[in-house]
Each structure stands twice: as structure tokens, then as C-alpha cells.
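Examining the three-dimensional arrangement
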Amino acid sequence: MSVRILALVGSLRAGSHNRQLAEAAVKLAPEGAEVEVFEGLADIPFYNEDIDVADSLPAAAAKLREAAQAADAFLLFSPEYNGTIPAVLKNAIDWLSRPYGASTFGGKPVAVIGTAYGQYGGVWAQDEARKAVGIAGGNVIEDIKLSIPGSVVRFAETHPADDTEVAAQLTEVVARLHGNVGVAA
Ligand SMILES: Cc1cc2nc3c(=O)[nH]c(=O)nc-3n(C[C@H](O)[C@H](O)[C@H](O)COP(=O)(O)O)c2cc1C
């Protein structure tokens, strides 16, 4: 059976370069692994303990948790908003961190990568995402890093899957994440 890697993309815009990176990861997954991009982060309300109860659990949040439970690993794609993680990705992490003591990340491997317009490629946001996911119960693979700067220019005409250097880096990221599935933290 294939290893299932759930991709969460921290940008909602249709032309998101982080989404394109995630699409490229789908194409570049090695044999024995499949990457699925989660659809529906925009529909999940801000985390609120009052609605995180059986009677009120929003369907969109339940869908995210189900997808996470079925996953063997996670690949997060984060741009940088004002020097940190976009709210949409943080919200997903917060939902997956609960119920307390039973995080849906469940100690599974997580890698965080991404692209941003700035010269550091969103490294602050990706570092923040690693910190949050680690606290939220994921097994963050700290040495899987890929922060691609100048997104708006670099991917203006070229999809990441068609950018030879980026495609090679992404292939390695997915292969290394795959290699961490089943390895004790
Ligand atoms: C609200 C906002 C804040 C931003 N802040 C930063 C930033 O701190 N650092 C940076 O490199 N780019 C910043 N950007 C530019 C984003 O990196 C750029 O729009 C990027 O392409 C967004 O990712 P996407 O293509 O996946 O949507 C910001 C963009 C927005 C909309």
C-alpha cells in the first residue's frame, strides 16, 4: 500500500505558487508514495474550543482531521505573511493539535517547505510552522528544508514542476519525507 502524504498549503489564492509547489510534489512523488493536496482549508472556522465538541464540530474541520488520520506524513507549504505563518495554515495546525493529548498529527513525520517573494523565501514562516507543528504533536523533520525566494518572479512564467532545479529539490524533499515514515521520532 502506498504511503500517504497529506499536503497543506498556506495560501488560498488561485494562482498560489505554494499551491503550484504542492501540485509539483504530487507529480514528483516516488513510487510507493502519493501526495494529496488537502482542499478546504478556507472553509474551516477559526479554532474555537466551544465548537470543538461532538455536537458542534464544523464539517470542514472534521474533514481535515479525517484526512490527517488517514495520512502517514505531512508536507506543509508556507508562504510568509508579515514575517510569519499565514493564519490559514496556523488555523489548520490548531485544529489538528486537538483533542488535547490526542493530536491528529500523532507523532507522524512532518516537513515544512515553501516559497515567498522575499529574498529568504519565507524562512521565518517555515521556521514558525515547524515550531507550531512540533508543539502540536508532529514529528518535525527539522533538516528537510526548502525556502525558495523571489516566488513572484521565479514562477511568473514557469510552473515549479517545470523548473529543473526546484523539481529536483522537491523530489528529494518528498523522497526524504517518505523515508521517515515508520522511523521512530
Ligand atoms: C499579507 C501579505 C504579507 C506578506 N508578507 C511577506 C513577508 O513577510 N515576507 C515575504 O517574503 N513575502 C511576503 N509577502 C509576499 C508573499 O511572499 C507572496 O505574495 C507569495 O507569492 C505568497 O505566496 P503564494 O504565491 O503561495 O500565494 C506577503 C504577501 C501578503 C499578501
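Please read all numbers here as calculations on a predicted model, not as lab measurements.

Attention now moves to the UniProt feature "domain: NADPH-dependent FMN reductase-like" (unreviewed entry) in the protein. According to UniProt, the "domain: NADPH-dependent FMN reductase-like" (unreviewed entry) feature falls on residues 4-149. Helix makes up 33% of residues 4-149 and strand 18%, whereas the separation of the span's terminal C-alpha atoms amounts to 28 Å.

Strand β4 (residues 109-115) sits mainly inside the fold: seven of its seven residues count as buried. Side chains Pro109, Ala111, Ile113 and Thr115 project from β4 onto one buried face, and the interleaved Val110, Val112 and Gly114 project onto a second face that is buried too. Here four bridges tie strand β3 (residues 73-77) to β4, and the two strands are oriented parallel to one another. For Leu76, the partnering residue across the bridge sits in β4 and is Val112. Of the crossover connections in this fold, the one passing from β3 over helix α3 (residues 87-97) to the parallel β4 is right-handed. Across two bridges, β4 lies against strand β6 (residues 147-148) in parallel orientation. Pairing of Gly114 across the sheet is with Ser147, part of β6.

This brings us to the packing of helix α2 (residues 59-70) against α3. Packing of α2 against α3 brings their axes to within 10 Å, and their N-to-C directions diverge by 70°. Considered as vectors, α2 and α3 are oriented roughly perpendicular to each other. Contacts between α2 and α3 involve Ala61, Leu64, Arg65 and Ala68 from the first element and Ala92, Trp95 and Leu96 from the second. A per-class count over the contact of α2 with α3 returns six nonpolar, no polar and one charged.

Below, the discussion takes up the pattern of salt bridges. The final tally for this structure, using the stated rule, is eight salt bridges. One salt bridge in this structure joins Asp163 and Arg154, with 2.8 Å as the shortest N-O distance. Asp163 sits in the buried class, given a relative accessible area of 11%. Overall, Arg154 belongs to the partly exposed group, its relative accessible area being 29%. Three or more residues are tied together by salt bridges with common partners; here these are Arg154, Asp163 and Glu165.

Per the stated rule, a full pass over the model turns up one cavity of 30 Å³ or more. Approximately 40 Å³ is the volume found for the largest cavity. In terms of lining, the largest cavity is formed by Arg4, Ile5, Leu6, Glu34, Val35, Glu36, Ala67 and Ala71. At the level of secondary structure, the elements contributing two or more residues to the lining of the largest cavity comprise β1 (3-9) and β2 (33-37). For the lining of the largest cavity, a count of residues per class yields five nonpolar, no polar and three charged.

Conventions we followed
Each residue is numbered by its place in its chain's sequence as written, counting from 1. Thresholds applied to this predicted model are a pLDDT of at least 70 for local features of residues and 80 or more for the giving and counting of side-chain atom pairs; totals over whole chains, interfaces and linings are not thresholded and use all residues. With hydrogens and water set aside, each side-chain value is computed from the structure's full complement of heavy atoms. UniProt positions are given in the numbering used here, feature names are shortened, and annotations may be inferred rather than shown by experiment. Numbering goes from the N terminus for both helices and strands, where a helix is a DSSP run of H or I of at least four residues and a strand is a run of E of at least two. The classification of residues rests on relative accessible area computed with a 1.4 Å probe and restricted to protein chains. Under 20% of the type maximum is buried, over 50% is exposed, and intermediate values are partly exposed. Strand pairing is assigned whenever DSSP detects at least two bridges linking the two strands. With the strands aimed away from the viewer, a crossover counts as right-handed if its path from the first strand over the helix to the second runs clockwise. To define axes, lines are fitted to C-alpha atoms, for helices over the stretch in contact only, and angles between the resulting N-to-C directions are given on a 0 to 180 degree scale. Roughly parallel here means an angle under 35 degrees, roughly antiparallel means over 145, roughly perpendicular means 65 to 115, and every remaining angle is called oblique. The contact criterion used is simple: two residues touch if any of their non-hydrogen atoms lie within 4.5 Å. When residues are sorted by character, Ala, Val, Leu, Ile, Met, Phe, Trp, Tyr, Cys and Pro go into the nonpolar class, Asp, Glu, Lys and Arg into the charged class, and all the rest, Gly among them, into the polar class. Any carboxyl oxygen of Asp or Glu that lies within 4 Å of a side-chain nitrogen of Lys or Arg is treated as forming a salt bridge with it. The way it works is a 1 Å grid over only the protein atoms, where trapped points that fit a 1.4 Å probe form a cavity and open points with protein on both sides within 12 Å along at least five of seven lines form a pocket, and then any residue with an atom within 4 Å of a point lines it. Grid points are joined across faces, edges and corners, and a volume is the space filled by probe spheres set on the points.

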